[in-house]
Amino acid sequence: MAELIMSAKERQQLKGEAHKLNPVVLMGAEGLTDAVVQEVDRALAAHGLIKVRAPGDDRAQREQIFADLAERLSAARVQAIGKILVLFRPLPEDAADKAAGKATAKSTTAPARSPKAPAQVPKKTAAAGAPQRGKPGRSDIRSTSRTTAPRRTGGRAR
């Protein structure tokens, strides 16, 4: 498999998105094992854009690990800063469709409420002339115009 090639604009956008992410996969002292590759593959399939933390202080060894990982998984190396590597692989179409469907399903369903929360009952309007009970609502508060204090004139500037 070959590493994905990205344009500078795409890479810049993904860097911005990855900034707030935490590393999803942490490599152990053994480095790049088959188990690590499988875990990174699962994370890429689920999220598309992930951060991976590599062990060791040898820069050349980390760069080799990052290149091997991107090559084996057909992913793009977005950014490498220190021991952190940002990888991107486009989500499969079925996963992208599920994510889009999930987002629309969330917006159409009513928000879940606590079982202890009281049921929402529409408020009854008070009859004309009847005294209001309880605290006034926002609609009952009359707005008053406020003036600001006059500016200081003369004297030294502070």
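Preceding block: the structure.
Notes on the structure follow. Owing to the predicted nature of the structure, the values given are computational and were not obtained by experimental measurement.

Structural notes on the pairing of strand β2 (residues 49-53)
- For β2, a buried count of four out of five residues is recorded, marking the element as mostly surrounded by other parts of the structure.
- Here strand β1 (residues 25-26) pairs with β2 via two bridges, running parallel. If you follow V25 over to β2, its bridge partner there is V52.
- Traced from β1 through helix α2 (residues 34-47) to β2, the parallel crossover comes out right-handed.
- Bridge analysis of β2 against strand β4 (residues 84-88) gives five bridges, and the strand direction is antiparallel. Paired with K51 across the bridge in β4 is V86.

Side note on the sheet that holds β2
- Pairing within the open sheet is mixed, and its four strands lie in the order β1-β2-β4-β3. Each edge of the open sheet carries a strand with a single partner, namely β1 and β3 (76-81).
- Of the strands in this sheet, β2, β3 and β4 touch helix α1 (residues 8-18), which is tilted by about 55° from β3.
- Seen against the sheet, helix α3 (residues 59-73) touches β2, β3 and β4 and runs at an angle of roughly 160° to β3.

Rules behind the numbers
- Residues numbered from 1 in each chain as written.
- Predicted model: local features only at pLDDT ≥ 70, side-chain atom pairs only at ≥ 80, totals over all residues.
- Heavy atoms only, no water.
- Buried < 20%, exposed > 50% of the residue type's maximum accessible area, 1.4 Å probe, protein only.
- Helix = DSSP H or I, 4+ residues; strand = E, 2+ residues; numbered from the N terminus.
- Pairing = 2+ DSSP bridges.
- Right-handed = clockwise from strand over helix to strand, strands pointing away.
- Contact = heavy atoms within 4.5 Å.
- Axes fitted to C-alpha atoms, helices over the stretch in contact; angles between N-to-C directions.

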